[in-house]
Amino acid sequence: MRLWLLCLGLFIVLPAELYAQVSYLLKGSVNDSETGLPLVAAIIEIHETGRTTETDSTGKFEIELTKGVLHVHALHTGYKAYSVYFNTDSLAAGLHIFLEPSLVESIEVVIESSVSRADYAHQSTDQINVSRNDLDKLRGAGLSQSLAAIPGLNVIQSGVAIAKPVIRGLSGNRILVNELGLKQEGQQWGSDHGLEIDQFAVDQVEIVKGPSSILYGSDALGGVINILPLSKPEQGLAGSFNTMLRSNNDFAGGSFVLEGARKGTFFRARTTGNSFGDYKVPADQFNYLNRTLQIQNNRLKNTAGREFHNSFATGVAGRMGSIIFTGTSYHQEAGLFPGIIGIPTNNLLRDDGDKRNIGLPRQVTAHYKGIVNAVLNGENGWLQLDAGFQQNRRREEAIPHAHGFAPPDTSIIAHKLLLSTAQCNLRWHRNAIRQWRIIPGFSFSTQKNTRGGYEFLLPEFSNWNTGVYFFAEKELEKRHSIFNMGIRFDAGGLRSVAFYSPIWNDQQQLTGYYQRVGASNRFFKNLSGAVGWSWLPRKGVNLKINLAKSFRMPNPAELLINGIHHGTFRHEQGDPLLKPENGYQTDLVLVKEGRNSYFKISPYFNYFSGFIYLRPTATFSSLPDGAQVYRYSQNDAVFTGVECFAEYHPIKALHLELNADYVHSYNLQTQLGLPFTPPLRVRFNVQFETPVKGKRVSDFYCGATSTFVSSQKNVDRNEKSSAAYFLVDAFAGASFKLGKEKVELKFSAFNLFDIKYINHLSIYKLLNLPEQGRNFNLILRIPFSIFKTNKIN
Amino acid sequence: MKNTIFVLISIILLTACRDKDPVDVAVPAFDFVHVNDSLSNEYEVLAGQTITIQVKASDNVELRQLKMEIHPAEDGHTHDGEGTQGGEDSPNVGSWAYSDIVNLSGTTETRTWTLTVPDSIGGHWHCEFLLIDHVGNESAQYVTTLIIENPDLPVITGTTTPAAVNGEITIVIGDILYVSGTTDDPDGIVDVNVWLQNESGNIVGMVDVPANGSTGVDFSNLTFDQATAGHYKLIIQAFDTNGFEGRWGTELHVQ
């Protein structure tokens, strides 16, 4: 209680520090550190306000801001990213930045966590920044699939439309997807429940691999996918049209964005529509339960879908700070292969003559968000508020059918889940006090879940979760190192109502009810802590080490679920007495960078006490159509592995990259692996790119990627192992001048040799269904400008 | 002293290197599944007949449970499809479900069920079996199909214009679908209905064909049109004087 009062008091007195908002015009220059030549069009960003500007033809810039200690980034293609803290009082001569040339793309960008706001060298954990350009090259069917090419990241998928991210073998409620400062909340407990984010609206993603609970909350013990806010539009009114075509499933998608800024105010509106048909596989039959089943026209029946998303953001940014309001809506209707509910038969898989038809079974998902992001600058730091409300509406529809003696269903809605979440995060970024930079923070969220439909999985529940934390970082200049530490206290509660199922006799008469799930009222609390150290012993070498103790409260599904989850082929049963799981995690990162090379290796070891997972029991489900009961249970477990990344430029235009990742999971009680452990993966990427700017064509690149994925035999009980496979992808792209605008055209071919393979992390693996075959992608981005004013925001 | 240390270290190393006890991940298996003493993937049985189902199961360590379930084919999740009366076009008629979970022990066990097939049903039913051993290793599902013939049900033949291709009729909004058919039953047909139902199971169009107990009722060129695109089922249903039901059905796609 005393801790609570202390934290409350801290936040009451914090605003008192936000005073004396004195205007200041920062002038400076950006030059090449070797030649001393001025750099034109280098981007300067004041992180606290989000204000940006570019250097002029003489390499000079100026930008208006508030007096105090601020944090600036300088970026330029072909140069190592630069960031620095400065005090406006000590900059009488202006801010003069010298950028170091580099051929290595990996260090051209600032790896910038939206919370701790420091560059890569300051971070003790491994973080990766993925830009829109990178996403376009990797572009999968959705955001999760696009990110799956990054070492340490994978995706659990149901077909091509439904996918959820995996970091170092952990997924669901063990990793956190953070958009605009708030955690995405959308029934992420289900392995067949995808991520509800419009991939066209994502410009930059930051991935934190490893424990991040201190700043992001207890669910972030596996890592964070942080979708960063879009950069503010340039002065004027402009927009772009993006389109994407994919050959394999006749995907046609487009996104139109209109954005404008005038002085400090701006707006951005986006609408996206995607439609895709049943996807093709390099097979015309598959074997399931010793039966050979036909895949007619090589298309997996009923895997089509359509999406429609909208978003609108408006805000104002000034020297005192900024405030941005964002509203988004996401709609997806995705068909599921009929064999996912019940046993597939040739009759059920018969071609319906329409590859775009979305029949039953299917998922219909809508996700709405309203978010406020505010930053208020003070002389001694800045206050950051992220607050919002989101609602996830999920329907799983199936052909009405009979359950045992119960009369046949009269509706197609098997599950109807409505999850409403309100969240608030408040952080105070205190400027350095004796070289200590501190961030105290507070977060609160509350949820309410209601249900409907003829099937039952989860009862209605409400929960709340709150946390207070303190993060501190000290730069030890003499030792060329940065030390950080943090502590967090979380508490949360869950309250659910009982659910009763009807009992039918063999005459289809209702004879009574039995309690399927009892009422529950749980309270959890615990402490998390972390220390990290980043050491730069000499130029180009960086060693990071991170130790963390994290904990995660059991989620409502783990406590309360009790029913047939057709999407995962089993009867899933929660345990209302589960305790929180505790993680003891460490990771190490070694980076060696040169002018034309970059090497990184990051081993990690995670020990979980009371790891919660679905354990197959020696009991059959008494529910009609139910097979074995999988019960949420707790065992001690280890996840350990390593990621390697090497990049080399023998000549400026040639990019060679080799990366690999490996995860080993081990359940200390069963002495087996844990479900959905990604297999070893090695990727080699060769890319030729020429930044030479022609009159009409510029930024040309082309290349190929080969991926080897090993077999996976480290599996849990009853989990299928999978065989090794080798894939080759190719890609090319360029920019073309169209009037004053630069049109981007990008082409890629995935699974070029149409290899038939089974993805170990696919839900359809259980049906022995192969993955998508050869797929040609075309991305076209046409920007336009209605009018422009000046470049300075 | 040196030798003692060497021996101790050797013991520790040897102990550490000792193979762990093997984890039991072997799944239990069905030695056989017999229906009426024969082994097949499909069994033709008559409605009203008593059938004997015998299962022999085994496991390397110890069996725990066997689950047997009978429900309409298509896993009980659809009621159409591979019906018996007219093959692909005859939906199942009548309802029949059975489920049983039995505890097992030891490494081998044989279980027998004697069941009577209801006399009012016809079509394809799945008979599914699953095994679990003492630690939760689950066998692959064993599925066999019971093709239930019922000569007492009315026999229905339907034809449509346009005709079905690969089991599905395709029309565009505004087109007329013509349905003709014959129903036969030696006991006499007392009721014939033809209807369209949407994916939700709601009836969106229905024609009641007059039937006066004669052994054959024919009808021709019944018309259906549909203003909403989507998937539908066209069903012809007939009842005889004994209350036995016959069904014929096909898919309709309106685009």
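See the structure printed just above.
Residue indices follow the written sequence of each chain, beginning from 1 at its first position. Just so you know, chain letters begin at A and ligand numbers begin at 1, following the order they were written in. In view of the model being predicted, local features appear only for residues whose pLDDT reaches at least 70, and side-chain atom pairs are presented and counted only at 80 or more, with totals across whole chains, interfaces and linings using the full set of residues. Derived side-chain values reflect all non-hydrogen atoms in the structure, with water molecules and hydrogen atoms excluded from consideration.

Regarding the overall build of chain A
Here's step 1: Strands here are runs of E lasting at least two residues and helices are runs of H or I lasting at least four, both read from the DSSP assignment and numbered beginning at the N terminus. Looking only at helices and strands, chain A has five helices and 43 strands in total.
Here's step 2: Note that the radius of gyration is over C-alpha atoms, with the globule rule given as 2.2 Å times the number of residues to the power 0.38. Relative to the compact-globule value of 28 Å for 793 residues, chain A shows a C-alpha radius of gyration of 26 Å, a close match.
Here's step 3: With the C-alpha coordinates of chain A rotated into their principal frame, the extents come out at 90 × 65 × 50 Å.
Here's step 4: Working definition: with a 1.4 Å probe on protein chains only, accessible area under 20% of the residue-type maximum means buried, over 50% means exposed, and in between means partly exposed. Residues counted as buried form 60% of the 793 residues belonging to chain A.
Here's step 5: Taking the intrachain contacts of chain A between residues at least 6 apart in sequence as the baseline, contacts between residues at least 24 apart amount to 68%.
Here's step 6: Note on areas: Shrake-Rupley with a 1.4 Å probe; residue coverage comes only from the protein chains shown. As displayed, chain A offers around 30,200 Å² of accessible surface, 60% of which is attributable to carbon and sulfur atoms.
Here's step 7: Counted charges follow a simple rule, with Lys and Arg positive, Asp and Glu negative, and His plus the chain ends left uncounted. Every charge is mapped to an atom, namely NZ of Lys, CZ of Arg, CG of Asp or CD of Glu. Charge separation in chain A, taken as the distance between the mean sites of 81 positive and 69 negative side-chain charges, equals 1 Å. Here, residues are in contact when the closest pair of their heavy atoms is within 4.5 Å.

Some remarks on the overall build of chain B
Here's step 1: When its secondary structure is counted, chain B shows one helix and 16 strands.
Here's step 2: A total of 255 residues make up chain B; the buried ones form 47% of that total.
Here's step 3: Restricting to contacts in chain B with at least 6 residues of sequence separation, those with at least 24 account for 71%.
Here's step 4: Summing over all exposed atoms, chain B offers an accessible surface of approximately 11,700 Å²; the carbon and sulfur share of this is 52%.

With respect to empty space enclosed by the protein
The gaps of empty space that remain are located by a probe, the size of a water molecule, rolled over the atoms.
Residue and element names in this part refer to chain A.
Here's step 1: In this analysis the probe radius is 1.4 Å and the grid spacing 1 Å, with only protein atoms considered; a cavity is a set of points the probe fits into but cannot get out of, a pocket is an open set with protein on both sides within 12 Å along at least five of seven lines, and lining residues have an atom within 4 Å of a point. Grid points are joined across faces, edges and corners, and a volume is the space filled by probe spheres set on the points. On inspection of all chains with the given rule, the structure shows 10 cavities of 30 Å³ or more.
Here's step 2: The computed volume of the largest cavity comes to approximately 650 Å³.
Here's step 3: Along its surface, the largest cavity is lined by 41 residues, and Lys183, Glu185, Asp219, Ser445 and Asn465 are the ones closest to its centre.
Here's step 4: Taken together, the elements giving at least two residues each to the lining of the largest cavity come down to strand 12 (175–179), strand 13 (182–183), helix 4 (213–216), strand 25 (413–433), strand 26 (436–452), strand 27 (461–476), strand 28 (481–496) and helix 5 (556–560).
Here's step 5: Of all the elements, strand 25 adds the most residues to the lining of the largest cavity, at six residues.
Here's step 6: Gly is put with the polar residues, along with every residue not named as nonpolar or charged; the nonpolar set is Ala, Val, Leu, Ile, Met, Phe, Trp, Tyr, Cys and Pro, and the charged set is Asp, Glu, Lys and Arg. Broken down by class, the residue content of the lining of the largest cavity amounts to 17 nonpolar, 18 polar and six charged.

What to know about the sheet that holds strand 4 (residues 60–66) of chain A
Residues and elements named next belong to chain A.
Here's step 1: Strand pairing is assigned whenever DSSP identifies at least 2 bridges connecting the two strands. The three strands lie next to each other as 4-1-7, forming an open sheet whose pairing is mixed. The strands lining the two open edges of the sheet, one partner per strand, are strand 4 and strand 7 (95–99). Recorded for the sheet is a direction-independent mean angle of 30° between the axes of neighbouring strands.
Here's step 2: Pairing between strand 1 (residues 23–32) and strand 7: five bridges, direction parallel. An axis is simply a line fitted to the C-alpha atoms; with a helix, the fit covers only the stretch in contact. Between two such axes, the angle follows the N-to-C directions and lies from 0 to 180 degrees.

So, the pattern of salt bridges
Side chains carrying opposite charge are able to pair once their charged atoms draw close together.
Residue and element names in this part refer to chain A.
Here's step 1: A pairing counts as a salt bridge when a side-chain nitrogen of Lys or Arg comes within 4 Å of a carboxyl oxygen of Asp or Glu. According to the stated counting rule, one finds 33 salt bridges over all chains in the structure shown.
Here's step 2: Across the pair Arg595 and Glu34 runs a salt bridge, and its minimum N-O distance is 3.0 Å. Here Arg595, found in the loop between strand 35 (581–593) and strand 36 (597–620), pairs with Glu34, found in the loop between strand 1 and strand 2 (43–46); they are 561 residues apart in sequence, far enough to count as distant.
Here's step 3: A residue is classified by how much of its surface remains accessible, and Arg595, at 47% relative accessible area, is partly exposed.

So, the environment of Ile371 of chain A
Residue and element names in this part refer to chain A.
Here's step 1: Positionally, Ile371 belongs in strand 23 (residues 362–378).
Here's step 2: Residue class for Ile371 comes out buried when judged on its relative accessible area of 5%.
Here's step 3: For Ile371 and Ile324, which are 47 residues apart along the polypeptide, the C-alpha to C-alpha distance reads 8.1 Å.
Here's step 4: Discounting chain neighbours no more than four positions away, the residues touching Ile371 are Glu179, Leu180, Leu182, Ile324, Phe325, Thr326, Ala387 and Gly388.

Re a nonpolar patch on the surface
Here's step 1: Patches here: salt-bridge-free residues with over 30% relative accessible area, like charges joined within 9 Å, nonpolar side chains (Val, Leu, Ile, Met, Phe, Trp, Tyr) joined within 5 Å. On the surface, a cluster of nonpolar side chains totalling about 330 Å² of accessible area is made up of Leu245, Phe747, Phe776 and Leu778 of chain A.
Here's step 2: Within the secondary structure layout, Phe776 of chain A lies in strand 43 (residues 775–788).

A few points about the packing of aromatic side chains
Here's step 1: Each Phe, Tyr or Trp ring (for Trp, its six-membered ring) is paired with any other whose centre lies within 6.5 Å, and the angle between the two planes then decides the class: stacked below 30 degrees, edge-to-face above 60, tilted in between. The tally for this structure, following the rule as stated, stands at 22 aromatic pairs over all chains.
Here's step 2: Between Phe611 of chain A and Phe639 of chain A the ring centres are 5.4 Å apart and the planes differ by 45°, which places this aromatic pair in the tilted class. Pair noted here: Phe611 of chain A is in strand 36 and Phe639 of chain A is in strand 37 (residues 628–648), with a separation of 28 residues, a long-range link. Like Phe639 of chain A, Phe611 of chain A is buried.
Here's step 3: Grouped by ring-pair contacts, the aromatic residues Phe30, Trp113, Phe129 and Tyr142 of chain B constitute a single cluster.

Quick word on the environment of Asp219 of chain A
All names here are of chain A.
Here's step 1: Among the secondary structure elements, Asp219 is positioned in the loop between helix 4 and strand 15 (223–227).
Here's step 2: By relative accessible area, which is 10% here, Asp219 ends up buried.
Here's step 3: Spatially, the C-alpha atoms of Asp219 and Tyr584 are 14 Å apart, while their sequence positions differ by 365 residues.
Here's step 4: Once you skip the residues sitting within four places of it in the chain, Asp219 turns out to touch Asn173, Arg174, Ile175, Leu176, Lys183 and Arg552.

Side note on unusual backbone geometry
Here's step 1: Looking along the chain, the bond that leaves Leu360 of chain A and enters Pro361 of chain A is cis, with omega of 5°.
Here's step 2: When you line up the elements, Pro361 of chain A lands in the loop between strand 22 (321–335) and strand 23.
Here's step 3: In this chain, Thr161 of chain B is followed by Pro162 of chain B through a cis amide linkage whose omega measures 0°.
Here's step 4: By secondary structure assignment, the location of Pro162 of chain B is in the loop between strand 9 (155–161) and strand 10 (168–171).
Here's step 5: The phi dihedral of Phe676 of chain A falls on the positive side, at around 55°, and the residue is not glycine.
Here's step 6: Mapped onto the fold, Phe676 of chain A is located in the loop between strand 38 (654–667) and strand 39 (681–690).
Here's step 7: A positive phi angle is found at Asn768 of chain A, which is not glycine, with a value near 60°.
Here's step 8: Here Asn768 of chain A shows up in the loop between strand 42 (741–750) and strand 43.

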